[in-house]
Amino acid sequence: MDNLSDIEILLVEDNPNDAEMALRALKQNNLSNEVLIVGDGEEALDYLYSRGKYADKCPDHHPKIILLDLKLPKVDGKEVLRILKNDPEKKIIPVIVLTSSQEESDILETYTLGVNSYIVKPVDFDNFVDAVREIGLYWLLLNQQF
Amino acid sequence: MTKNFLKLFFTMTMLLSVMFICADQTPLQAVKDTISIASEPDYPPYCFVDENGEAAGFSIDLFLSAAKAAGLDVNIKIGIWEQIKQDLAEGKVDALPFVGRTPERENLYDFTMPYLSLHGAVFVLKGTKDINSLNDLKEKSIVLMKGDNAEEFVRRENISDNIVTTATFEEAFITLANGEYDAVITQRVMGIELLKKIGIKNIIPLDFHIPQYRQDFCFAVQKGDMQLLNRLNEGLSIVIANDTFENIRNKWFGPSIKEKISFSHILRYLLFILIPVLIIIAVGNIFLLRREVRNKTRVLNNEIIQHKSTLKDLKINEEKYHGMIMNLLEGFYSVTLDGILIDYNNEFTNILNLEPDNDYTGKNLPDFWQNPKEREIYVNEILQNGIIKNYEIKAKKADGAEIVVMVNSRIIKDNTGNPIRIEGTFLDVTERKHALEELQKMKDKLENTVAKRTAQLQEKVEKLSKSEKAMLYIIEDLNNITAELHEERRKLVDSNEELEAFAYSVSHDLRAPLRAIDGFGKFLFNDYAEKLDAEGKRFINVIRTNAAKMDKLILDLLNLSRIFRSDIAKTEVDMGAVAESIYLEIADDQEKKQFKMKIKEIPNAFCDITLIKQVWQNLISNSLKYSSKSEIKKIEIGATENKKEIIYYIKDHGVGFDNKYIDKLFKVFQRLHKEDEFEGTGVGLAIVKRIIKRHGGKVWAEGKVDEGATFYFSLPKQENPGD
């Protein structure tokens, strides 16, 4: 984590418990080496565009995937998604939305904005670990091919 | 003495008669006293121009004398015949003194009594031998004065086809004298005079008579100028009656030409001839008297003849009129003032139904009046007004039948102006009267009906007006209700929005702590397993199980709220296929082996397919769940239908339920079984009820403990396919 340019996974999550659980789920799947956790949408964008406290970051470096909670302080997840998917340079980064429910309107909206996949955060942690493995691995591996 | 007396007598008579005529015909005084006439230049000795350029001739003298006798002054102008004829027709002159009366001219002018009759003659060159009658003229060329009655005669009688006209006879004679044509036809006397005057000697009149060409000469006036005509006739009568006419005639046609007589001659006459003359005069007076008597006798004879002829005409006319009256389509009658019939016609007897063969003249018809008093009124009225028009009388026929007649009568008076009788016509108007009365009755009836209908209509209008008011109140109420509904709807929209926000919040914020409870419970279990004994591990398990259960409750509640919020999109749904696919989806392999699922032929429903799937899912999973511990594992799905709705049912042979708890069945979070008997949140049937209710249907159930349950739901039939 010292080297921002090594970050492979960007986890955008305001709930520290959820963030910890997500990290643990990644760890259990051996994906937790280069994870950066940010607490709101603005920080996520700062990192991605090398702004603010991430100004030193090489602007050309992109994480391999972004795990994005929708309900976020300041700039919410949908706005972050919209900005990324409208940016020709950033839109190739796979974005996986983490959501609490299967509320149809949310899911439909993220798809129209260009989300690559989504994980419903289940209450049962074991199921969450399974979901992270399936989807996270898929996109990480897919992205490595580029 | 006798002669003087005679002359005095004649003069007085003429004077009196002129005075009488003038007195009798006062309107004549109104005619202008100066008239203009026109004369021809060359029709001697009747009309011509003398050496001084003045109009002269017999007709001119006669006209002037007659005019003078009638009190008229005369201006004379000269013109050729064709022109002056035209002038009279157009009213440029008032009269012509010398016009032969022909049928053609009677259309253009009115003529006085004739004062002269002349015969025509054919004039030819001396030595002409081949013309001995009118027939010989057929192949000959005839020259005539244009517009002269000779021309009219020649053309009328078709004497010859070869006719030439000239402006004057002088011209005609000159051309004849030059041998250009064969003959001239004109008045014998005039022709001879004219030839003399212009000095032509090689032309002679032929001897044969032309009876068809006898011409009566008169004064002519413009057609319709009766006043002038009457005055000229009157003047003419006067000059004929006294000696003037005779004198004029003698002047123009007398045997000797008068010499100029000097004063000495007169003295000589007086001396030498006076006595013989006196004798001659005496003899002459006798002669004259005789002649006057002869003349008067002739005039009286003529008058008698005329009178007889008039009487004859009158008789003919009277017969004609009587005939007309007899055949009138109206009844005619003539009665004395006392009502005695003098005359009547056929229709009179017809109308009154009298015997046509009886003669009623001289009789009274006492029964004619239905009310004899009316006769007095009628007679009084006619005596007062002289005439009575369209007077209705109630009369009786001979057979006593009552009729109404319409009478038009007038009073006839005698010479002294005393009324002597009543004459009139009448019609039987009984039927017409009845028809009119009928018509009036019908009209009254119609008016009555119209009045009634109008009143009824008025009533209806009033009622309508009341209902209209009521309607207005209802509309006002409706408007209020609509406004309230709008308000409620707005509130509903608001609360739906709130509900949605709430549900969103629940799904995210309420679940996050649960995730933490479960997750960290798991981490505790994994990371500190060696430090926990069996009881500690069980506690962790209880925590995690409850977290999971709460999550399910939350999800079910979200589901229910979504049904409240979601729109319904109805389509035709194959219910059998849906039920079967749901069964195959939710039943696990073991259940599929154990259960006997029977889906009957069921009708399609008109509903929201997503929601109806949820209904079948909840009902089928209930049946599976509550049959799991029963021996008979059999589920049946079927339907019945009536006019308005289809009722679907699902029947199982599971644990069933006690009917006394039926109220709880469809309420949210209400359960009839313990958690450890059958898992569940108590939301499933509430969702089913909610969905069916939103489709306008009903849900109910029948059950018996340990024998099974049947759940029914109804869906209305599609009212209007395509909605």
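Residues numbered from 1 in each chain as written. Chains lettered and ligands numbered in written order. Predicted model: local features only at pLDDT ≥ 70, side-chain atom pairs only at ≥ 80, totals over all residues. Heavy atoms only, no water.

S.K.: Can you walk me through the pairing of strand E5 (residues 117–120) of chain A in this structure?
M.R.: Successive side chains on a regular strand alternate, one facing one side of the sheet and the next facing the other. Residue and element names in this part refer to chain A. The alternating pattern of E5 places Ser117 and Ile119 on a buried face and Tyr118 and Val120 on a face that is not buried. Where strand E4 (residues 95–99) and E5 come together, four bridges link them in parallel fashion. Bridging from a neighbouring strand, Val97 pairs with Tyr118 of E5. (Buried < 20%, exposed > 50% of the residue type's maximum accessible area, 1.4 Å probe, protein only. Helix = DSSP H or I, 4+ residues; strand = E, 2+ residues; numbered from the N terminus. Pairing = 2+ DSSP bridges.)

S.K.: Honestly, the interface of chain A and chain B in this entry has me stumped. Any pointers?
M.R.: How large an interface is tends to be reported as the accessible area lost when its parts come together. Residue-level contacts link 19 residues of chain A with 22 residues of chain B. Approximately 1900 Å² of surface area, both sides summed, lies buried where chain A meets chain B, with 51% of it carried by carbon and sulfur atoms. If you list the elements that add at least two residues to the side of chain A that touches chain B, you get helix H1 (16–28) and helix H5 (125–144) of chain A. It is H1 of chain A that provides the largest number of residues to the side of chain A that touches chain B, a total of six residues. Grouping the constituent residues of the side of chain A that touches chain B by class yields four nonpolar, six polar and nine charged. (Contact = heavy atoms within 4.5 Å. Buried area = accessible area lost by both parts, 1.4 Å probe. Nonpolar A, V, L, I, M, F, W, Y, C, P; charged D, E, K, R; others polar.)

S.K.: I tried to follow empty space enclosed by the protein on my own but got confused; where do I start?
M.R.: In this approach, a probe sized like a water molecule rolls over the atoms, and the result shows the empty space that is left. The full count for this structure, using the stated rule, is two cavities of 30 Å³ or more. A volume near 60 Å³ is recorded for the largest cavity. If you trace the largest cavity, you find it lined by Glu13, Asp18, Met21, Ala22, Lys121, Pro122, Val123, Phe125 and Phe128 of chain A together with Arg515 of chain B. When residues of the lining of the largest cavity are traced back to their parent elements, those giving at least two are H1 and H5 of chain A. For the lining of the largest cavity, the per-class residue count stands at six nonpolar, no polar and four charged. Taken as a whole, the second largest cavity holds about 50 Å³ of empty space. Lining the second largest cavity, in full, are Glu40, Tyr43, Trp81, Phe98, Val99, Gly100, Arg105, Asp148, Asn149 and Phe217 of chain B. (1 Å grid on protein atoms, 1.4 Å probe; cavity = no way out; pocket = protein on both sides within 12 Å on 5 of 7 lines; lining within 4 Å. Points joined across faces, edges and corners; volume = space filled by probe spheres on them.)

S.K.: Honestly, the packing of helix H2 (residues 58–69) of chain B against helix H8 (residues 226–241) of chain B in this entry has me stumped. Any pointers?
M.R.: For any two helices packed against each other, the geometry comes down to the angle between their axes and how far apart the axes lie. Residues and elements named next belong to chain B. The geometry of H2 relative to H8 is characterised by a closest axis approach of 7 Å and an angle of 105 degrees between their N-to-C directions. In terms of axis orientation, H2 runs roughly perpendicular to H8. Touching Leu62, Phe63, Ser65, Ala66 and Ala69 of H2 are Leu232, Gly235, Leu236, Ile238 and Val239, all from H8. A breakdown of the residues in the contact of H2 with H8 according to their chemical character gives eight nonpolar, two polar and no charged. (Axes fitted to C-alpha atoms, helices over the stretch in contact; angles between N-to-C directions. Parallel < 35°, antiparallel > 145°, perpendicular 65-115°, else oblique.)

S.K.: Even after reading the chapter, I still don't get the pairing of strand E1 (residues 9–12) of chain A, so can you show me in this structure?
M.R.: All names here are of chain A. Where burial is concerned, the two faces of E1 agree: the one with Ile9 and Leu11 and the one with Leu10 and Val12 are both buried. For E1 and strand E2 (residues 35–38), the ladder comprises four bridges, and the chain directions are parallel. Within the sheet, the bridge partner assigned to Leu11 lies in E2 and is Ile37.

S.K.: I would appreciate a short explanation of the side chain of Lys85 of chain A in the present structure.
M.R.: Residue and element names in this part refer to chain A. The topology assignment puts Lys85 in helix H3 (residues 77–85). Asp87 provides the closest opposite charge to the buried, unpaired Lys85, separated from it by 11 Å. Here the side chain of Lys85 touches Lys91 through a polar contact of 2.8 Å, landing on its backbone oxygen. (Lys, Arg positive; Asp, Glu negative; His and termini not counted. Salt bridge = Lys/Arg side-chain N within 4 Å of Asp/Glu carboxyl O. Polar contact = N/O pair within 3.5 Å; in protein donor to acceptor, adjacent residues only side chain to side chain.)

S.K.: Would you explain the nonpolar core in this entry?
M.R.: Side chains of a nonpolar character, in soluble globular proteins, are inclined to be buried together. Residue and element names in this part refer to chain B. Counting 55 residues, the largest nonpolar core has Leu62, Phe63, Phe98, Tyr115, Phe169 and Phe173 as the members making the most contacts within it. Among the elements that make up this core, the one with the highest residue count is H2 (six residues). Looking at which domains feed residues into this core, each of domain 1 (2–112 + 218–253) and domain 2 (116–215) supplies at least three. Excluding residues that lie within four positions of it along the chain, Phe173 makes contacts with Phe123, Val184, Thr186, Gly191, Leu194, Leu195, Ile198, Ile200 and Ile203. In this structure, Val573, Val615, Ile692 and Ala709 belong to the second largest nonpolar core, which totals 40 residues. (Core = buried A, V, L, I, M, F, W, Y, C linked by side-chain atoms within 4.5 Å. Domains from an automatic or database assignment.)

S.K.: Would you explain the sheet that holds strand E14 (residues 331–336) of chain B in this entry?
M.R.: Strands in a sheet are paired, the pairing made by backbone hydrogen bonds, and the direction either parallel or antiparallel. Residues and elements named next belong to chain B. Pairing in this open sheet of five strands is antiparallel, and the strands run E15-E14-E18-E17-E16 from one edge to the other. Here the strands that pair on one side only, and so sit at the sheet edges, are strand E15 (341–344) and strand E16 (387–396). Here the strands of the sheet are splayed against their neighbours by 30 degrees on average, with no regard to which way each runs. Sheet topology note: the strand E17 (residues 402–413)/strand E18 (residues 419–428) ladder contains nine bridges and is antiparallel. The residue of E18 that forms the bridge with Met406 is Leu427. Against the sheet, helix H12 (residues 372–385) makes contact with E14, E16, E17 and E18, and its axis sits at roughly 170 degrees relative to E16, the strand it touches most. Set on the sheet, helix H13 (residues 430–527) makes contact with E16, E17 and E18; between it and E17 the angle comes to about 125 degrees.

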